[in-house]
Amino acid sequence: MRAPPRLVWSLPETARPPGRGLRDWGLLAALCVLAALEVAARPELSWRSPSVLVCIALIPTLLWRRSRPLPMVTVAFGASAAVALARLVTGTALPGLHMSAFLLLLPYALFRWGKEREALVGLVLILASASLDFVSTGVRGTDVLGGFAILLSAVALGVAFRYRADAHARELEQVKLREREELARDLHDTVAHHVSAIAIRAQAGLALASKRPEAAVDALRVIEAEASRALTEMRGMVRVLRRGEPADLAPGRRVEDLRELAGLHAEGPGVDVDLSGDLDSLSASVSAAIYRLAQESVTNARRHARHATRIQVGVTVEAASVRLRVSDDGEPVQARPSGAVGYGLIGMAERAALLGGSCHAAPNPERGWTVTAVLPRNGLTP
């Protein structure tokens, strides 16, 4: 188990913190109202008391707690230390506001959004300020331990949420990488097919050029067409980020292979497949992507659609795009809350986006769930 300083120093990188929003301004207004109510309810407090003025003046630091966590911690806990030092020097009791507990949001934000070095420096400042405050107020024994426990709980909560966000981001990245690698394999097979056709036609043209010059011209036309298709696939392949692992050279799937999913199955609902339009006009990468999206949708329906009896798969090729629709007749379900999208759906959306399309999933008005995807017929063009 790592020691606390080492744990702080090795905090994972965090994403860019969210900007200031209406909730932050609402929190600011609510704290100002609570401060006024507490001063009015406690006769021993005065608006002219330094501790009251300092506490109210520190409320705006919450507006920058995510974007500038260390400066805000320095200002807030530095001011608290100054008030505690004034108590010790003057010997005057300066009662503080109970709602000053809002300062716990600053250590949380520091360890949730701050850099490693900032977090370590801020932790030293926070503990020093808290120690001085306990000494100045004469708190002893279990109250001191309780105070430090509450303070460190805010720190621990920030660290926990930071690691949780990092783990979630890593899982999402793994899903995206897997989908990109699968798409890369499909594109690899396609490009290899085009290059093989070019090589064969070039060899044939060279062999017949001396006897039949027109055969060489025909070969050049075929080579030009195949090269154009290969170039289109390669441009899409460049957009695919993948690891340096060798590609699986197994034959890639095409949209026509969806017919293999049709029929009754021993486990789960039966599948109806309806393919319409000019399927041969689809680029290989789009055809493979439609197959993968439909396959994943059918798998999800079999696993999660309760008491479903049928799954409908429809593919329609139009003039400029191809549309996929997969729906089931399972029991009514509620839409997932925002941010609770499954990793399978994230991977499907990533696959569609890489080819310039879109993929969405939502519950039907009455029963079941429907996945729809729209991709350009020839893939994403530059």
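Residues numbered from 1 in each chain as written. Predicted model: local features only at pLDDT ≥ 70, side-chain atom pairs only at ≥ 80, totals over all residues. Heavy atoms only, no water.

Draft legend 1. Inspection of the overall build of the chain at higher detail. Within the chain, the secondary structure is distributed over 10 helices and 5 strands. The 382 residues of the chain split such that 38% are buried. Put simply, 75% of the contacts in the chain that link residues at least 6 apart link residues at least 24 apart. Only carbon and sulfur atoms are counted for the fraction: they give 60% of the accessible area of the chain, which is about 21400 Å². (Helix = DSSP H or I, 4+ residues; strand = E, 2+ residues; numbered from the N terminus. Buried < 20%, exposed > 50% of the residue type's maximum accessible area, 1.4 Å probe, protein only. Contact = heavy atoms within 4.5 Å. Areas by Shrake-Rupley, 256 points an atom, 1.4 Å probe, with all protein chains shown as cover.)

Draft legend 2. Representation of the pairing of strand 2 (residues 310-317) in the model. What you see with strand 2 is a clean split: I311, V313, V315 and V317 sit on the buried side and R310, Q312, G314 and T316 on the side with no burial. One ladder, built from 7 bridges, connects strand 1 (residues 270-276) with strand 2; its direction is parallel. By the bridge assignment for strand 2, S276 is matched with T316. With helix 9 (residues 284-304) bridging strand 1 and its parallel neighbour strand 2, the resulting β-α-β unit is left-handed. Both strand 2 and strand 3 (residues 321-328) contribute to a ladder of 7 bridges, which runs antiparallel. Looking at strand 3, one finds that I311 is bridged to D328. Linking strand 2 back to strand 3 in an antiparallel pair, the connection comprises 3 residues. (Pairing = 2+ DSSP bridges. Right-handed = clockwise from strand over helix to strand, strands pointing away.)

Draft legend 3. Geometry of the confidence of the model for the chain. Counting all residues, the mean pLDDT for the chain is 78, and 79% of those residues have values of 70 or more. By mean pLDDT, the top-scoring element of the chain is strand 3 (93), and the lowest-scoring one is helix 1 (residues 4-9) (52). Contacts for the low-pLDDT stretch residues 240-251, under 50 throughout, to residues beyond four places or in other chains number 21 contacts. Ignoring residues within four places in sequence, the model shows residues 335-341, a span with pLDDT below 50, making 5 contacts including any to other chains. (pLDDT = per-residue confidence, 0-100.)

Draft legend 4. Highlighting helix 6 (residues 116-137). Over its 22 residues, helix 6 runs 32 Å from end to end, which matches the ideal 32 Å to within 8%, given 1.5 Å per residue. Those residues of helix 6 not exposed but buried are E116, A119, G122, L123, I126, S129, A130, F134 and S136. End-on, the buried residues of helix 6 take up no more than an arc of 165°, which puts them together on one face. Among the exposed residues of helix 6, those pointing more than 90 degrees away from its buried face are R117 and V124. At the exit of helix 6 stands G138, carrying a positive phi of roughly 75°. (Expected span 1.5 Å × (residues − 1). Arc of directions from axis to C-beta.)

Draft legend 5. Seen up close, the packing of helix 5 (residues 105-113) against helix 6. It is the contact of helix 5 with helix 6, at a shortest axis distance of 9 Å, that shows an interaxial angle of 160°. Looking at the two axes, helix 5 sits roughly antiparallel to helix 6. The chirality of how helix 5 crosses helix 6 is left-handed. For the pair formed by helix 5 and helix 6, the contact residues are P107, L110 and F111 on the first element and E118, A119, G122, L123 and I126 on the second. Looking at the contact of helix 5 with helix 6, its residues break down into 6 nonpolar, 1 polar and 1 charged. (Axes fitted to C-alpha atoms, helices over the stretch in contact; angles between N-to-C directions. Parallel < 35°, antiparallel > 145°, perpendicular 65-115°, else oblique. Left-handed = near helix turned anticlockwise from the far one by under 90°. Nonpolar A, V, L, I, M, F, W, Y, C, P; charged D, E, K, R; others polar.)

Draft legend 6. Fine view of the pairing of strand 3. With 6 of 8 residues buried, strand 3 lies mostly within the body of the structure. The pairing of strand 3 with strand 5 (residues 369-376) spans 7 bridges and is classified as antiparallel. Bridge pairing links S327 to T370 in strand 5.

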